[in-house]
2 protein chains.
Amino acid sequence: MSTEITVTDETMETTFQKYEKKFKALADKKRLEIMNLICQRSSLCVCDLSELIDMPQSKLSYHLKILLDAELLIKETRGTWSYYQLNEKEVNHLLSEELCCLFRPS
Amino acid sequence: MSTEITVTDETMETTFQKYEKKFKALADKKRLEIMNLICQRSSLCVCDLSELIDMPQSKLSYHLKILLDAELLIKETRGTWSYYQLNEKEVNHLLSEELCCLFRPS
DNA sequence: ACATTAAATCAAAAAAAATTGATTTATTAA
DNA sequence: TTAATAAATCAATTTTTTTTGATTTAATGT
(Lines give C-alpha, C1' and ligand atoms only; values in the text may rest on other atoms or scores of the structure.)
Protein backbone atom coordinates (compact mmCIF):
# COMPACT_ATOMS: atom_id res chain seq x y z
CA MET A 1 0.00 0.00 0.00
CA SER A 2 1.15 3.49 -0.82
CA THR A 3 -0.13 5.10 2.38
CA GLU A 4 2.91 4.32 4.52
CA ILE A 5 5.34 5.30 1.80
CA THR A 6 3.56 8.61 1.32
CA VAL A 7 3.61 9.32 5.03
CA THR A 8 7.31 8.48 5.24
CA ASP A 9 8.06 10.68 2.23
CA GLU A 10 6.18 13.59 3.78
CA THR A 11 8.10 13.16 7.00
CA MET A 12 11.42 13.24 5.17
CA GLU A 13 10.28 16.23 3.14
CA THR A 14 9.39 18.05 6.35
CA THR A 15 12.67 17.04 7.96
CA PHE A 16 14.71 18.33 5.05
CA GLN A 17 12.73 21.57 5.06
CA LYS A 18 13.41 22.04 8.76
CA TYR A 19 17.15 21.58 8.35
CA GLU A 20 17.20 23.71 5.22
CA LYS A 21 15.93 26.60 7.31
CA LYS A 22 18.50 26.06 10.04
CA PHE A 23 21.44 25.67 7.67
CA LYS A 24 20.26 28.67 5.68
CA ALA A 25 20.38 30.70 8.88
CA LEU A 26 23.98 29.58 9.46
CA ALA A 27 24.97 30.14 5.82
CA ASP A 28 26.22 33.68 6.25
CA LYS A 29 29.50 34.77 7.78
CA LYS A 30 27.98 37.79 9.48
CA ARG A 31 25.40 35.58 11.14
CA LEU A 32 28.11 33.14 12.17
CA GLU A 33 29.95 36.06 13.72
CA ILE A 34 26.77 37.04 15.55
CA MET A 35 26.37 33.49 16.85
CA ASN A 36 29.99 33.46 17.94
CA LEU A 37 29.70 36.76 19.82
CA ILE A 38 26.48 35.75 21.52
CA CYS A 39 28.05 32.41 22.39
CA GLN A 40 30.91 34.17 24.18
CA ARG A 41 28.67 36.21 26.47
CA SER A 42 25.60 34.78 28.05
CA SER A 43 23.33 37.25 26.31
CA LEU A 44 23.50 40.47 24.29
CA CYS A 45 21.13 43.28 23.39
CA VAL A 46 20.79 44.61 19.86
CA CYS A 47 22.39 47.99 20.44
CA ASP A 48 25.49 46.48 22.08
CA LEU A 49 25.82 43.87 19.37
CA SER A 50 25.34 46.55 16.73
CA GLU A 51 28.46 48.32 18.03
CA LEU A 52 30.42 45.10 18.48
CA ILE A 53 30.07 44.00 14.89
CA ASP A 54 29.71 47.49 13.39
CA MET A 55 26.41 46.88 11.65
CA PRO A 56 23.43 49.21 11.37
CA GLN A 57 20.51 48.34 13.60
CA SER A 58 17.95 47.51 10.93
CA LYS A 59 20.35 45.18 9.17
CA LEU A 60 21.24 43.49 12.43
CA SER A 61 17.57 43.03 13.35
CA TYR A 62 17.05 41.41 9.96
CA HIS A 63 19.82 38.88 10.58
CA LEU A 64 18.76 38.25 14.17
CA LYS A 65 15.24 37.49 12.98
CA ILE A 66 16.57 34.85 10.60
CA LEU A 67 18.51 33.16 13.41
CA LEU A 68 15.51 33.48 15.73
CA ASP A 69 13.07 32.02 13.18
CA ALA A 70 15.44 29.10 12.73
CA GLU A 71 15.28 28.65 16.52
CA LEU A 72 19.04 28.97 16.86
CA LEU A 73 18.62 31.97 19.15
CA ILE A 74 16.24 32.83 21.95
CA LYS A 75 14.97 36.35 22.56
CA GLU A 76 14.09 37.83 25.91
CA THR A 77 12.58 41.30 26.05
CA ARG A 78 13.11 43.49 29.09
CA GLY A 79 11.58 46.94 28.69
CA THR A 80 12.76 48.45 25.41
CA TRP A 81 15.71 46.11 25.25
CA SER A 82 15.83 42.75 23.50
CA TYR A 83 18.40 40.30 24.75
CA TYR A 84 19.46 37.48 22.51
CA GLN A 85 21.10 34.27 23.63
CA LEU A 86 21.97 30.91 22.10
CA ASN A 87 19.38 28.19 21.91
CA GLU A 88 21.80 25.67 23.32
CA LYS A 89 19.58 22.66 22.81
CA GLU A 90 19.09 23.33 19.12
CA VAL A 91 22.70 24.24 18.43
CA ASN A 92 23.96 21.15 20.23
CA HIS A 93 21.52 19.00 18.34
CA LEU A 94 22.70 20.39 15.03
CA LEU A 95 26.44 20.94 15.23
CA SER A 96 29.41 18.75 16.03
CA GLU A 97 31.43 18.94 19.20
CA GLU A 98 34.35 20.20 17.14
CA LEU A 99 32.41 23.38 16.48
CA CYS A 100 31.78 23.97 20.16
CA CYS A 101 34.47 26.63 20.53
CA LEU A 102 32.86 28.73 17.85
CA PHE A 103 29.15 28.22 18.00
CA ARG A 104 28.30 25.73 20.67
CA PRO A 105 27.98 26.49 24.34
CA SER A 106 30.01 24.46 26.82
CA MET B 1 50.01 45.78 20.05
CA SER B 2 47.53 45.52 17.23
CA THR B 3 49.47 42.93 15.23
CA GLU B 4 48.22 39.92 17.13
CA ILE B 5 44.67 41.15 17.17
CA THR B 6 44.72 41.70 13.43
CA VAL B 7 46.11 38.23 12.78
CA THR B 8 43.50 36.69 15.04
CA ASP B 9 40.72 38.66 13.33
CA GLU B 10 41.84 37.48 9.91
CA THR B 11 41.86 33.91 11.09
CA MET B 12 38.34 34.20 12.42
CA GLU B 13 37.22 35.90 9.21
CA THR B 14 38.65 33.00 7.20
CA THR B 15 37.06 30.47 9.54
CA PHE B 16 33.63 32.05 9.24
CA GLN B 17 34.01 32.18 5.47
CA LYS B 18 34.86 28.50 5.36
CA TYR B 19 31.82 27.52 7.40
CA GLU B 20 29.59 29.91 5.47
CA LYS B 21 30.41 27.96 2.33
CA LYS B 22 29.72 24.60 3.95
CA PHE B 23 26.45 25.68 5.56
CA LYS B 24 25.37 27.36 2.32
CA ALA B 25 25.89 24.04 0.57
CA LEU B 26 23.65 22.35 3.12
CA ALA B 27 21.06 25.13 3.01
CA ASP B 28 18.85 23.59 0.38
CA LYS B 29 16.43 20.74 0.81
CA LYS B 30 17.22 19.20 -2.56
CA ARG B 31 20.90 19.12 -1.67
CA LEU B 32 20.07 17.61 1.72
CA GLU B 33 18.11 14.94 -0.11
CA ILE B 34 21.11 14.33 -2.36
CA MET B 35 23.37 14.00 0.70
CA ASN B 36 20.91 11.62 2.28
CA LEU B 37 20.67 9.41 -0.81
CA ILE B 38 24.44 9.30 -1.28
CA CYS B 39 24.82 8.54 2.43
CA GLN B 40 22.57 5.50 2.08
CA ARG B 41 24.58 3.88 -0.71
CA SER B 42 28.35 3.93 -0.72
CA SER B 43 28.49 5.91 -3.95
CA LEU B 44 26.24 7.05 -6.78
CA CYS B 45 26.68 8.25 -10.34
CA VAL B 46 24.93 11.32 -11.71
CA CYS B 47 22.56 9.52 -14.06
CA ASP B 48 21.33 7.11 -11.35
CA LEU B 49 20.91 9.94 -8.89
CA SER B 50 19.12 11.97 -11.54
CA GLU B 51 16.44 9.27 -11.77
CA LEU B 52 16.29 8.74 -8.01
CA ILE B 53 15.45 12.32 -7.22
CA ASP B 54 13.76 13.13 -10.53
CA MET B 55 15.91 16.10 -11.42
CA PRO B 56 17.33 17.08 -14.81
CA GLN B 57 21.02 16.34 -15.26
CA SER B 58 22.26 19.90 -15.65
CA LYS B 59 20.45 21.01 -12.51
CA LEU B 60 21.79 18.05 -10.58
CA SER B 61 25.36 18.73 -11.74
CA TYR B 62 24.97 22.29 -10.54
CA HIS B 63 23.94 21.16 -7.06
CA LEU B 64 26.59 18.45 -6.91
CA LYS B 65 29.24 21.04 -7.74
CA ILE B 66 28.16 23.17 -4.81
CA LEU B 67 28.44 20.21 -2.43
CA LEU B 68 31.75 19.20 -4.00
CA ASP B 69 33.22 22.72 -3.75
CA ALA B 70 32.21 22.79 -0.10
CA GLU B 71 34.13 19.53 0.29
CA LEU B 72 31.10 17.69 1.60
CA LEU B 73 31.27 15.20 -1.27
CA ILE B 74 34.09 13.43 -3.04
CA LYS B 75 34.02 12.69 -6.78
CA GLU B 76 35.61 9.74 -8.46
CA THR B 77 35.56 9.53 -12.25
CA ARG B 78 35.60 6.16 -14.00
CA GLY B 79 35.32 6.50 -17.77
CA THR B 80 32.35 8.68 -18.63
CA TRP B 81 30.80 8.13 -15.22
CA SER B 82 31.25 10.29 -12.16
CA TYR B 83 30.65 8.65 -8.85
CA TYR B 84 29.92 10.79 -5.84
CA GLN B 85 30.30 9.78 -2.24
CA LEU B 86 30.23 11.46 1.15
CA ASN B 87 33.32 13.16 2.48
CA GLU B 88 32.92 11.43 5.83
CA LYS B 89 35.66 13.33 7.57
CA GLU B 90 34.20 16.73 6.73
CA VAL B 91 30.63 15.77 7.46
CA ASN B 92 31.58 14.25 10.79
CA HIS B 93 33.56 17.31 11.67
CA LEU B 94 30.63 19.57 10.90
CA LEU B 95 27.45 17.85 12.03
CA SER B 96 26.24 16.43 15.29
CA GLU B 97 25.88 12.74 16.04
CA GLU B 98 22.13 13.24 16.14
CA LEU B 99 22.18 13.96 12.43
CA CYS B 100 24.04 10.74 11.67
CA CYS B 101 20.99 8.86 10.43
CA LEU B 102 20.34 11.49 7.79
CA PHE B 103 23.65 12.89 6.64
CA ARG B 104 26.46 11.28 8.54
CA PRO B 105 28.01 7.94 7.76
CA SER B 106 28.21 5.32 10.51
C1' DA C 1 2.67 65.49 27.76
C1' DC C 2 7.06 65.51 25.36
C1' DA C 3 11.54 64.08 23.88
C1' DT C 4 14.58 60.18 23.60
C1' DT C 5 16.08 55.66 22.91
C1' DA C 6 15.60 50.54 21.51
C1' DA C 7 14.17 47.64 18.23
C1' DA C 8 11.04 45.89 14.57
C1' DT C 9 9.14 46.54 10.16
C1' DC C 10 8.54 48.27 5.49
C1' DA C 11 9.29 49.21 0.56
C1' DA C 12 12.52 49.88 -3.05
C1' DA C 13 16.88 48.72 -5.03
C1' DA C 14 20.86 45.79 -5.47
C1' DA C 15 23.11 41.46 -5.29
C1' DA C 16 23.32 36.55 -5.21
C1' DA C 17 21.56 32.03 -6.23
C1' DA C 18 18.70 28.82 -8.87
C1' DT C 19 16.48 27.22 -13.08
C1' DT C 20 16.26 26.21 -17.93
C1' DG C 21 17.51 24.41 -22.27
C1' DA C 22 21.28 24.26 -25.33
C1' DT C 23 26.02 23.33 -26.16
C1' DT C 24 30.46 21.22 -25.30
C1' DT C 25 33.73 17.67 -23.94
C1' DA C 26 35.02 13.20 -23.38
C1' DT C 27 34.42 8.33 -23.36
C1' DT C 28 32.56 4.08 -25.03
C1' DA C 29 30.53 0.95 -28.38
C1' DA C 30 29.13 -0.32 -33.05
C1' DT D 1 34.79 6.93 -38.19
C1' DT D 2 30.33 7.50 -36.47
C1' DA D 3 26.67 7.32 -33.15
C1' DA D 4 25.39 7.27 -28.47
C1' DT D 5 25.80 8.23 -23.70
C1' DA D 6 27.53 10.70 -19.31
C1' DA D 7 28.44 14.75 -17.34
C1' DA D 8 30.06 19.59 -17.17
C1' DT D 9 29.46 24.16 -18.61
C1' DC D 10 27.23 28.26 -20.50
C1' DA D 11 24.12 32.23 -21.10
C1' DA D 12 19.68 34.10 -20.31
C1' DT D 13 15.94 34.34 -17.21
C1' DT D 14 13.65 33.90 -12.88
C1' DT D 15 13.58 33.71 -8.02
C1' DT D 16 15.37 34.59 -3.55
C1' DT D 17 18.08 37.07 -0.38
C1' DT D 18 20.33 41.14 1.25
C1' DT D 19 20.92 45.97 1.83
C1' DT D 20 19.41 50.61 2.68
C1' DG D 21 17.14 54.38 4.73
C1' DA D 22 12.80 55.73 6.47
C1' DT D 23 8.95 54.81 9.36
C1' DT D 24 6.54 52.72 13.23
C1' DT D 25 5.86 50.94 17.84
C1' DA D 26 6.72 50.90 22.41
C1' DA D 27 9.03 51.90 26.67
C1' DT D 28 11.72 55.22 29.58
C1' DG D 29 13.02 59.52 31.70
C1' DT D 30 12.21 64.58 32.27
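Residues numbered from 1 in each chain as written. Chains lettered and ligands numbered in written order. Predicted model: local features only at pLDDT ≥ 70, side-chain atom pairs only at ≥ 80, totals over all residues. Heavy atoms only, no water.

1. What to know about the nonpolar core
Short version of the rule: Remark: nonpolar core denotes a set of buried residues (Ala, Val, Leu, Ile, Met, Phe, Trp, Tyr, Cys) joined through side-chain atoms within 4.5 Å. Each residue is placed in one exposure class: buried if its accessible area under a 1.4 Å probe, protein chains only, is under 20% of its type's maximum, exposed if it is over 50%, and partly exposed if it falls in between. Helix numbers and strand numbers start at the N terminus; a helix is a DSSP run of H or I with at least 4 residues, a strand a run of E with at least 2.
The biggest cluster of nonpolar side chains holds 61 residues, and the ones touching the most others in it are A:Phe23 and B:Phe23. Here the element with the most residues in this core is helix 2 (residues 29-40) of chain B; it accounts for 6 residues.

2. Topic: the interface of chain B and chain A
Interfaces are often described in size by the accessible area the parts lose on coming together. Formally: The contact rule is simple, with two residues in contact once any of their heavy atoms fall within 4.5 Å. Computed with a 1.4 Å rolling probe, the buried area is the accessible surface lost when two parts are put together, summed over both parts. When a carboxyl oxygen of Asp or Glu lies within 4 Å of a side-chain nitrogen of Lys or Arg, that pair is called a salt bridge. Polar contacts here mean pairs of N or O atoms no more than 3.5 Å apart (in protein, one a potential hydrogen donor and the other a potential acceptor; neighbouring residues in sequence count only if both atoms are side-chain atoms). Polarity classes work like this: nonpolar for Ala, Val, Leu, Ile, Met, Phe, Trp, Tyr, Cys and Pro, charged for Asp, Glu, Lys and Arg, and polar for all others, with Gly in that last group.
Listed per partner, the contact involves 26 residues of chain B and 26 residues of chain A. With both sides pooled, the region where chain B packs onto chain A buries about 2,300 Å², and carbon together with sulfur makes up 72% of that total. Its largest share of buried area at the contact with chain A, chain B owes to B:Phe16, B:Phe23 and B:Lys29, together 29% of the area lost on that side. Summed over the shared surface of chain B and chain A, the result is 2 salt bridges. Put simply, B:Glu13 and A:Lys29 hold a salt bridge, and the shortest N to O gap is 3.9 Å. There are 6 residue pairs in polar contact (both at pLDDT 80 or more) connecting chain B and chain A. Listed by contribution, the elements that provide at least two residues to the side of chain B that touches chain A are helix 1 (2-26), helix 2, helix 5 (88-94) and helix 6 (100-103) of chain B. Tallied by class, residues from the side of chain B that touches chain A come to 12 nonpolar, 6 polar and 8 charged.

3. A look at the relation of the copies chain B and chain A
Put simply, the rule reads: We place the copies in one frame by least squares, fitting the C-alpha atoms of every residue whose pLDDT is at least 70 in both.
For the pair chain B and chain A, the best superposition has an RMSD of 0.0 Å and corresponds to a rotation of 180 degrees with a translation of 0.0 Å parallel to the axis. Given the turn and translation reported, the copies of this chain are related as if by a two-fold rotation axis.

4. Looking at the pairing of strand 2 (residues 73-78) of chain A
All names here are of chain A. Test applied: A pair of strands counts as paired when DSSP detects no fewer than two bridges linking them.
Both strand 2 and strand 3 (residues 81-86) contribute to a ladder of 6 bridges, which runs antiparallel. Looking across to strand 3, one finds that isoleucine 74 is bridged to glutamine 85. Turn length for the strand 2-strand 3 hairpin, with the two strands adjacent in sequence and antiparallel, is 2 residues, and the turn residue glycine 79 shows positive phi of about 65 degrees.

5. Let's talk about the protein's contact with DNA strand D
In plain terms, the rule: One heavy atom within 4 Å of a molecule or strand makes the whole residue count as near it.
In the neighbourhood of DNA strand D, 21 residues make up the surrounding shell, with A:Tyr62, A:His63, B:Cys47, B:Gln57 and B:Ser61 lying closest. Considering DNA strand D, the proportion of its atoms within 4 Å of the protein that are sugar or phosphate atoms stands at 64%. Between DNA strand D and A:Ser58, the relevant distance is 3.4 Å, taken from a base oxygen to a side-chain nitrogen or oxygen of the residue. A distance of 2.7 Å is found between a phosphate oxygen of DNA strand D and a side-chain nitrogen or oxygen belonging to B:Tyr84. Counting only elements with at least two residues in the surface near DNA strand D, the list comes to helix 4 (57-69) of chain A together with helix 3 (46-52), helix 4 (57-69) and strand 3 (81-86) of chain B.

6. Considerations on the protein's contact with DNA strand C
In the vicinity of DNA strand C lie 21 residues, with A:Cys47, A:Gln57, A:Ser61, B:Tyr62 and B:His63 positioned nearest. The sugar and phosphate moieties of DNA strand C supply 65% of its atoms located within 4 Å of the protein. Contacts to DNA strand C include A:Cys47, whose backbone N or O atom sits 2.6 Å from a phosphate oxygen. Of all elements in the fold, only helix 3 (46-52), helix 4 and strand 3 of chain A together with helix 4 of chain B reach the threshold of two or more residues within the surface near DNA strand C. The leading source of residues in the surface near DNA strand C is helix 4 of chain B, at 5 residues. Grouping the constituent residues of the surface near DNA strand C by class yields 7 nonpolar, 9 polar and 5 charged.

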